Amino acid sequence: MHGPLAPSSAPEMTAPARQRSDGRVQLRVGLARPGGGTRILDLAEAGPSRLRFPRGTGAPEAVLVNTAGGVACGDTFAIDLTLEPGAELVLTTTAAEKIYRSDGPVSRIVNTLNLGEGAGLAWLPQETILFDRARVRRRFVADLAEGAALLAVEVVAFGRAARGERIGDGLFADSWRIRRGGRLAYADDLLLEGPISDHLARPAIGGGARACATILDLSAGAEARLEEARTRLAEAASPGTTAAASAWNGHLAVRALGDAVGPLRGLVARFLAGYRGLPMPRVWQS
C-alpha cells in the first residue's frame, strides 16, 4: 500500500521569457587627411543591425540592414552616428522598415547623430510601414556644430493600402530634437494612439491620408530656398499627394501626405533628386 504522494519538489513551470531583438550600430567617420575623402574611423555592430558600404561616386554611402526582417513586440534598435569635421555621408536603408503587431510591449528606435563643423549628412532611409496593432516609440536626436549640414527625410505608411489594411489599434510616437551650436533649432512630437486610421481620417489630422513624410534641411542657405522648394514640390506632385514647405530659424521643412505610400514615396524621391541635384541612393530605385 502506497502512502500519500509527497509534494513535488520540482520548480513550477513558467512561460519562457520572450527573446527580442536588440540591434545597435555605432559609426564614426572622418577625413582621411585634410582635404581628403571621408573614411570609416570606428564601426561597431550588434544584434541584427548591420551597415554595408557600396562603392560609388560622391559622398560615401552607408546602407543599414536589419537582418531580423522587421521590428515587433518590444524590440530595440539604435543608431549612434558621428561625423568628424568636414566628413560627408549618405545613410539609407536596404528596404522599408516594417513595424509588426505587438501583444503589448512597445518597440523603441533611437537615432543619435553628431555632426562636426563643416560635416554633411544626408539621412535618407526608405519608408517605415506600420501594421495593425504596431506599437513603437521613435526618437531622433541630432547635434550639429556650426557650419554642419543635415538633410533628413522620414516616410511613414500606416498599413498597406494595396491590401486595404487599417490600423484599428496601435501606437506611433515620434520625437525629433535637433540642436545647432548647442542651441535647440528644431523640435517636433507626433503621437498617434488607438484607432490610428480613424484619427488620420479626421480633417484636422490627416484628411484621410494613409502615409506621411517629413523632409528637413538644416544647412547654410536652406531658409532662402523656400520658393525653390515650393516650385519643386509642385513639379514632383502626383494624384493622391499633397505637400507644403515652410522655412524659419535657418532651416527648411517639408510636410507631405499621401493616400498611399507609393505615390508619396515617388513625390519625395523626385523632390529630393531635384533639390539635392543628385540621384537617390540605388536602393531607392530597386
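Residues numbered from 1 in each chain as written. Predicted model: local features only at pLDDT ≥ 70, side-chain atom pairs only at ≥ 80, totals over all residues. Heavy atoms only, no water.

A. Layout of the overall build of the protein chain. If you tally the helices and strands in the protein chain, you get 3 helices and 17 strands. Projected onto the principal axes, the alpha-carbon positions of the protein chain cover approximately 95 × 50 × 35 Å. A total of 286 residues make up the protein chain; the buried ones form 43% of that total. The contacts in the protein chain between residues at least 6 apart in sequence include a share of 73% that link residues at least 24 apart. A distance of 3 Å separates the average location of the 34 positive side-chain charges in the protein chain from that of its 30 negative side-chain charges. (Helix = DSSP H or I, 4+ residues; strand = E, 2+ residues; numbered from the N terminus. Buried < 20%, exposed > 50% of the residue type's maximum accessible area, 1.4 Å probe, protein only. Contact = heavy atoms within 4.5 Å. Lys, Arg positive; Asp, Glu negative; His and termini not counted. Charge placed at Lys NZ, Arg CZ, Asp CG, Glu CD.)

B. Region of the structure containing helix α2 (residues 226-236). Buried residues of α2: L226, A229, L233 and A236, and no others. Looking straight down α2, one finds its buried side chains confined to an arc of 90°; they lie on one side. In this structure, α2 carries E227, A234 and E235 as exposed residues pointing more than 90 degrees from its buried face. The elements touched by buried residues of α2 are β16 (241-248), β17 (251-258) and α3 (261-276). (Arc of directions from axis to C-beta.)

C. Representation of a nonpolar patch on the surface in the model. Taken together, the side chains of I40, L43 and F53 define a hydrophobic patch exposed on the protein surface, amounting to about 220 Å² of accessible area. For L43, the position within the fold is in strand β2 (residues 38-46). Residue classification places L43 among the partly exposed residues on the basis of a relative accessible area of 37%. (Patch = residues over 30% accessible without salt bridge, like charges linked within 9 Å, V, L, I, M, F, W, Y side chains within 5 Å. Areas by Shrake-Rupley, 256 points an atom, 1.4 Å probe, with all protein chains shown as cover. Salt bridge = Lys/Arg side-chain N within 4 Å of Asp/Glu carboxyl O.)

D. Molecular detail of the confidence of the model for the protein chain. Chain-level pLDDT for the protein chain is 92 on average; 93% of the residues reach the 70-or-more range. Note that residues 1-8 has pLDDT below 50 and, in this model, 0 contacts with residues that lie over four places away or in other chains. (pLDDT = per-residue confidence, 0-100.)

E. Main features of the side chain of T92. Along the chain, T92 turns up in strand β6 (residues 88-93). Classification of T92 by relative accessible area gives buried; the value is 0%. Among the polar contacts listed, one links the side chain of T92 to the side chain of W284, at a separation of 3.3 Å. Apart from residues no more than four positions distant in its own chain, T92 is found in contact with E61, A62, V63, L64, L124, P125, Q126, P281, V283 and W284. (Polar contact = N/O pair within 3.5 Å; in protein donor to acceptor, adjacent residues only side chain to side chain.)

F. Layout of the sheet that holds strand β8 (residues 107-115). Taken in spatial order, the 7 strands of this open sheet run β2-β1-β5-β8-β11-β13-β14, and their pairing is mixed. Of all strands in the sheet, those bounded by a partner on one side alone are β2 and β14 (183-194). On average, each strand axis in the sheet is inclined to that of its neighbour by 5°, with strand direction left out of account. Bridge count between strand β11 (residues 135-144) and strand β13 (residues 170-180): 10 bridges; the pairing is parallel. For V141, the partnering residue across the bridge sits in β13 and is R177. (Pairing = 2+ DSSP bridges. Axes fitted to C-alpha atoms, helices over the stretch in contact; angles between N-to-C directions.)

G. A look at the packing of α2 against α3. Between α2 and α3, the least distance of the axes is 9 Å, while the angle of their chain directions is 135°. For the element pair α2 / α3, the angle class is oblique. Between α2 and α3 lies a crossing whose hand is right-handed. Contacts between α2 and α3 pair E228, A229, R232, L233 and A236 from the former with L267, R270, F271, G274 and Y275 from the latter. Partitioned by chemical class, the residues of the contact of α2 with α3 number 6 nonpolar, 1 polar and 3 charged. (Parallel < 35°, antiparallel > 145°, perpendicular 65-115°, else oblique. Left-handed = near helix turned anticlockwise from the far one by under 90°. Nonpolar A, V, L, I, M, F, W, Y, C, P; charged D, E, K, R; others polar.)

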